[in-house]
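Structure at a glance
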Amino acid sequence: IMIYLFYGLDNYRSREKIRELVVSYKKAHNQTADLKIFDFDNEKVQFSALKDSSQTMSLFKTKRLFILENFFGNQTEDFKEKFIENFDFFLLSEDILVFHENAIPRANDALFKRLLAKAKCLLFEPLPGAKLDHWIEKKAQEYGCLIEAQAKKALELYVGSDLWRMDNEIKKACAYCNRGQIRLEDVKLLVRPNIESEIFKTMDCLSRRDLKAATASLLRHIKNGDAPQYLFYMVTNQFRSLLLIKDMQEKGENFPAMAKTLALPPFIVSKLAGFSGNFTLQELKEDYNLLKKLDVDTKTGRIEPDTALEVFLSKACA
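Quick look at the structure, then. (Residues numbered from 1 in each chain as written. Predicted model: local features only at pLDDT ≥ 70, side-chain atom pairs only at ≥ 80, totals over all residues. Heavy atoms only, no water.)

Re the overall build of the protein chain
What counts, and what does not: Here a strand is any run of E in DSSP of at least two residues, a helix any run of H or I of at least four, and the numbering for each starts at the N terminus. Our radius of gyration looks at C-alpha atoms and nothing else; its globule reference is 2.2 Å times the residue count to the power 0.38. Remark: exposure states derive from per-residue accessible area (1.4 Å probe, protein chains only) relative to the maximum for the residue type, with buried under 20%, exposed over 50%, and partly exposed in between. Two residues form a contact once any of their heavy atoms are found within 4.5 Å. Here the Shrake-Rupley method, with its probe set to 1.4 Å, supplies the accessible areas, and only the displayed protein chains count as covering residues.
For the protein chain, the count of helices and strands is 17 helices and seven strands. Here the C-alpha radius of gyration of the protein chain, 21 Å, is about what a compact globule of 318 residues would show, namely 20 Å. Sorting the 318 residues of the protein chain into buried and exposed places 47% on the buried side. A separation threshold of at least 6 residues defines the contact pool for the protein chain, and within that pool the share at least 24 residues apart is 76%. Approximately 16700 Å² of the protein chain is accessible, and the part contributed by carbon and sulfur atoms is 53%.

Written out as structure tokens, the structure reads:
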């Protein structure tokens, strides 16, 4: 079987799995590697583009790797129907096809049910207690540190199950301890609880097009040790949610339905919905598309994350 589905709310570990797969694929195929990413969140993908790429003959016989990002929330019915019709073609193909979702598709979705039955599926849910404990210990060891039990519990209390932030906080604490042991007092000194509430302050400034206040808010984050890459991820995530909420508002959906669709607590949906009134749907689409472009630029090394934030702020507040 050459079809995979990586899905769930813990997109740190699912992205880690994608990276492992890509590294392994490139190592195995070296110069003949042929990797294509179809991001349905950022482009309108035609089914023919996927199938034609898979059928195209190559000078060197090699497995291709196709990654389909954010398919279930953005695909067209036409694409889905054609994919289901051609499911066995992809199942028997030598190519590797990976669906990557940051949420859990609807249980009654025809393609989702087909993938669960036929593909190799991995669900990435937020890590519960003991598994989160083990993850923190392992990550600290990767950065050259041990961590005492009380410090670990404090980290879980301050950060929760957000592994993007948890990774950043552990890295920061290990650098501070200089290959020693992370203690409770270190966590209390270095880690700020509830970064989301501060991000909401930044979003409030952006929704009012207040460049000075938005810049000051992000600078406070950086001064407090939050990595620019993580801040960029948080802002992008907030604008993606804003865009989806605005679209659902215009379709007349209520807060409980939005919260269920987005897998977010209702109070967060309510907070973001308050910001969405300051944007048109088109403005949110333009802002989010800019963030996606800047994200690609940061990942390819064309721009640093802090510069990407500056560029976005200046254009979003213009």
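On we go from here.
Quick look at the environment of Gln181
Here Gln181 shows up in strand β7 (residues 181-182). As a C-alpha pair, Gln181 and Asp34 span 147 residues in sequence and 43 Å in three-dimensional space. In this view, Gln181 contacts Leu146, Ile147, Glu148 and Asp186; residues no more than four positions away in its chain are not counted.

Here's the deal with the sheet that holds strand β1 (residues 3-7)
Where we set the bar: Between any two strands, pairing holds if DSSP finds at least two bridges. For every element, the axis is a line fit to its C-alpha atoms; helices are fit only across the contacting stretch, and the angle between N-to-C directions ranges from 0 to 180 degrees.
Taken in spatial order, the five strands line up as β2-β3-β4-β1-β5 in an open sheet, and their pairing is parallel. Every other strand in the sheet has two partners, leaving β2 (34-39) and β5 (120-123) as the edge strands with one partner each. Adjacent strand axes in the sheet meet at a mean angle of 15°, parallel and antiparallel pairs treated alike. Note: β1 against β5, four bridges, orientation parallel. The residue bridging Tyr7 from the neighbouring strand is Leu123, located in β5. Sheet strands touched by helix α1 (residues 11-29): β1, β2, β3 (64-69), β4 (96-100) and β5. Its angle to β3, the strand with the most contacts, is close to 165°.

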